Amino acid sequence: MFFVDAIELEGLGNRSYLAGGARTAVAVDPPRDLDQVLAAAARRGVRISLVVETHIHNDYVTGGLELARITGADYLVPAGARVSFPRTPVADGDTVDVDTDLALTAVATPGHTPHHTAYVLAEAGRPAAAFTGGSLLIGTVGRPDLVEPRLTEQLARAQHASAHRLADALPDDTAVLPTHGFGSFCSSAQADGDTTTIGKERAANTALTSDADTFVTELLAGLEDVPAYYAHMGPANAAGPAPVDLTPPAVADPDDIATRLAAGEWVVDLRSRIAFAEGHVAGSFNFEADGKLATYLAWMIPWGKPVTLLAETAEQLAAAQRELVRIGIDRPAAAATGGPARWLRDGENPASFPRATFTELAARGKDGIVVLDVRRESERAEGWIEGSVHIPIHQIHRRLGEVPPGTVWVHCAGGMRAGIAASLLDAAGRQVVAVDDGFDAAAGAGLTLITG
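Sequence order as written defines the numbering, with residues in each chain counted from 1. Thresholds applied to this predicted model are a pLDDT of at least 70 for local features of residues and 80 or more for the giving and counting of side-chain atom pairs; totals over whole chains, interfaces and linings are not thresholded and use all residues. By convention in this description, side-chain values take in all heavy atoms of the structure and omit both hydrogens and water.

**Q** Residues and numbers for the overall build of the protein chain, please.
**A** A run of H or I in DSSP counts as a helix once it spans at least four residues, and a run of E counts as a strand once it spans at least two, with each numbered from the N terminus. The number of helices and strands found in the protein chain is 15 helices and 22 strands. For the radius of gyration, the atoms used are the C-alpha atoms, and the globule rule reads 2.2 Å times the number of residues raised to 0.38. Its C-alpha radius of gyration of 23 Å places the protein chain within 12% of the 22 Å reference for a compact globule of 452 residues. Considered along the principal axes of its C-alpha atoms, the protein chain spans approximately 70 × 50 × 35 Å. We call a residue buried when its accessible area falls under 20% of the maximum for its residue type, exposed when it is over 50%, and partly exposed in between, using a 1.4 Å probe and counting protein chains only. Across the 452 residues that make up the protein chain, the buried fraction comes to 54%. We call two residues in contact whenever any of their non-hydrogen atoms come within 4.5 Å of each other. The long-range fraction of contacts in the protein chain, counting pairs at least 24 apart against all pairs at least 6 apart in sequence, stands at 69%. Accessible surface is estimated by sampling points in the Shrake-Rupley manner with a 1.4 Å probe; for residues, cover comes only from the protein chains shown. A total of about 18,000 Å² of accessible surface is found on the protein chain, and carbon and sulfur atoms cover 51% of it. When charges are tallied, Lys and Arg are placed among the positive residues and Asp and Glu among the negative ones, while His and the ends of the chain are skipped. Charged side chains are reduced to one point each, which is NZ for Lys, CZ for Arg, CG for Asp and CD for Glu. Looking at the protein chain, you have 36 positive and 57 negative side-chain charges, and the mean spots of the two groups are 2 Å apart.

This is the structure in structure tokens:
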């Protein structure tokens, strides 16, 4: 009997896998913080003999090279991927043994990247699971636009062909185990569900139910902005990532925090948006540790700018460090725990701003205020508040000057992104109200919605 353990990377919306038999196992698309993979192997009592990559990742820094180094495993990387480190190049049809009666076969599945490779796990010669990386996902496929704009349509057509190749070659009960699709922006749409099989995908996946022309047209029309930090992930993975250091950063005292703010560095408060609105260090930004911290912070911070983390607890700080190393923010410049009382200099008072609901916005009226919508383009297309200004969250830090004068009532779909935007506006000296409410309450509150 074989096993497959999924290792969830919830913040990035990805999964890695450990699969094997009684003695040895393969790690698929491992994260940079390897302790989870090693712990999974220890629980199973197996040795990791193989580490495989489905592709050179664009959305996170891989731990594959380091995992292979410390375990002595063979490191399999698609032969078409240009890398600067020793590895075993894998071509279409190559097969390696994982354990007794358990083998892994490489299947060329270009589309997400030109060199993308899926791996089919077979027990006693019968396919049991397919590690599909960024190829065939749950109900969708990986984006084809992350490599080179001129290749996007070509890769979209390759995605369609690759999905059909997998569906045609594998039995209906073969488990489909993708890396992307659980919140990752590497997915062209979000997964509908948690598990799937080839049979289920054959019936429901748009790549398998649409002809190539229709599929490509709809896929390309639905693509949205790519997180800015993606530009740094591919090169880091091709060069060979360094080992991580998750030891606590240097402790920042109130004077140090003030000095860093004055120097234009980013001071990031990881507490909840509720706690931040009630009181925070003036000039700091709020990226909730329980939100999509790595995605939005890495998307918005100028790459390479020092960041100081302010956390409620040492545990919250450690979890944030773990998230950030996955996307190449390796070492915070400094950090502090506690709350504003421990982060402010003597005589300084915490800054604050109000939170509100859509009902309160409707009651307020529009005179002297600006309603700022920071949702994505696709979300706004489904309906927006009449007269609102639209700047997507990932652009707000560069477009603060475009926000009209007045008190800014900022909203998103649920409150988290509005909290980020409110913190940036507050740091820039604007009067702001964070609408901490679900957008589905806007119409019921009496606000006029426009659709187009």
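**Q** With reference to specific residues and values, describe the pattern of salt bridges.
**A** Any two side chains of opposite charge can pair if their charged atoms end up close together. One speaks of a salt bridge when a side-chain nitrogen belonging to Lys or Arg is within 4 Å of a carboxyl oxygen belonging to Asp or Glu. Applying the stated criterion to the full structure yields 31 salt bridges. Its salt-bridge partner being R260, residue D256 comes within 3.2 Å of it at the nearest N-O pair. Of the two residues, D256 and R260 both sit in helix α8 (residues 254–262), 4 residues apart, roughly one turn of that helix. One salt bridge in this structure joins R260 and E265, with 2.8 Å as the shortest N-O distance. R260 gets classed as buried once you look at its relative accessible area, which sits at 18%. Salt bridges linked by common partners bring D33, D35, R322 and R326 together as one network.

**Q** Pulling in residues and values, what's your account of the sheet that holds strand β16 (residues 355–356)?
**A** Note on pairing: DSSP must find at least two bridges between two strands before they are called paired. Read from one edge to the other, the open sheet built from 5 strands follows the order β16-β21-β20-β17-β19, with strand pairing classed as parallel. Single-partner strands in this sheet number two, and they are β16 and β19 (389–390). Two elements, strand β17 (residues 369–373) and strand β20 (residues 407–411), share 5 bridges in a ladder whose sense is parallel. The residue of β20 that forms the bridge with V370 is V408.

**Q** Quick one: what's the story with the sheet that holds strand β6 (residues 88–90), residue by residue and with numbers?
**A** The sheet built from 6 strands is open, its strands ordered β1-β2-β3-β4-β5-β6 with mixed pairing. Taken across any chain shown, the strands that pair with only one partner, and hence form the sheet edges, are β1 (3–9) and β6. Neighbour-to-neighbour, the strand axes of this sheet turn through a mean angle of 25°, independent of strand direction. Orientation is described by lines fitted to C-alpha atoms, with helices fitted over the stretch in contact, and by angles between N-to-C directions that extend from 0 to 180 degrees. Taken strand by strand, helix α1 (residues 35–44) contacts β1, β2 (14–20), β3 (24–28) and β4 (47–52), and its axis lies near 155° from that of β1. With respect to the sheet, helix α2 (residues 64–71) is in contact with β3, β4 and β5 (74–78), its orientation differing from that of β4 by roughly 150°.

**Q** Explain helix α6 (residues 212–221) to me, and be specific about the residues and the numbers.
**A** For α6, every residue scored as buried is listed here: F215, V216 and L219. Taken around the axis of α6, the buried residues stretch over an arc of 95°, which confines them to a single face. Exposed and oriented more than 90 degrees from the buried face of α6 are T217 and A221. Polar contact is defined as a pair of N or O atoms within 3.5 Å, subject to the rule that within protein one atom must be able to donate a hydrogen and the other to accept it, and that residues adjacent in sequence are counted only when both atoms are side-chain atoms. Between the side-chain oxygen at the start of α6 and the backbone nitrogen of D213 there is a gap of 3.1 Å, and the oxygen is on D211. Picture the helix axis, draw a direction to every C-beta atom, and the arc is the one those directions span.

**Q** How would you sum up the environment of I329? Please name residues and give values.
**A** Topologically, I329 is positioned in the loop between α11 (314–325) and β15 (334–337). Relative accessible area serves as the criterion here: at 12%, I329 is assigned to the buried category. In contact with I329, not counting residues within four places along its chain, are A298, I301, W303, V307 and L324.

**Q** Describe the nonpolar core, listing the residues and the values that go with them.
**A** For soluble globular proteins, nonpolar side chains are generally found buried alongside one another. Residues enter a nonpolar core if they are buried and are Ala, Val, Leu, Ile, Met, Phe, Trp, Tyr or Cys, with the set joined through side-chain atoms within 4.5 Å. Core analysis: the biggest nonpolar cluster contains 53 residues, and W266, F287, M300, L309, I327, L372 and V410 have the highest contact counts within it. The dominant element in this core, judged by the number of residues it contributes, is helix α10 (residues 293–300), at 7 residues. Setting aside its immediate chain neighbours within four residues, W266 contacts F285, F287, L297, M300, I301, P302, K305, P306, V307 and T308. Residues A41, I48, I56 and L67 belong to the second largest nonpolar core, which totals 21 residues.

**Q** Run through the pairing of β2, naming residues and quoting values.
**A** Among the 7 residues in β2, 7 count as buried, and that is most of the element. Residues N14, S16, L18 and G20 point to one face of β2 and R15, Y17 and A19 to the other, with burial holding for every one of them. Here β1 runs beside β2; their pairing, made up of 7 bridges, is antiparallel. Each residue of the ladder has a partner; that of D5, found in β2, is L18. Pairing of β2 with β3 involves 4 bridges; the strand directions are antiparallel.

**Q** Mind laying out the packing of α10 against α11, listing which residues take part and the relevant values?
**A** Where α10 meets α11, the closest approach of the two axes is 9 Å, and the angle between their N-to-C directions is 60°. With respect to their mutual orientation, α10 and α11 come out oblique. The two elements α10 and α11 cross, and the hand of that crossing is right-handed. Between α10 and α11, the residues in contact are L293, A294 and L297 and A320, E323 and L324, respectively. Note on residue classes: Ala, Val, Leu, Ile, Met, Phe, Trp, Tyr, Cys and Pro are nonpolar, Asp, Glu, Lys and Arg are charged, and everything else, Gly too, is polar. When its residues are assigned to classes, the contact of α10 with α11 shows 5 nonpolar, no polar and 1 charged. An angle below 35 degrees is read as roughly parallel, one above 145 as roughly antiparallel, one from 65 to 115 as roughly perpendicular, and any other as oblique. Note: crossing handedness is left-handed where the near helix turns anticlockwise from the far helix by less than a right angle, and right-handed where it turns clockwise.

**Q** Just give me the short version of the environment of A356, but keep the residues and values in it.
**A** Structurally, A356 is set in strand β16. With 333 residues separating them in the primary sequence, A356 and R23 have C-alpha atoms 56 Å apart. Once residues within four sequence positions are removed from consideration, A356 is found in contact with W409, V433, A434, V435 and D436.

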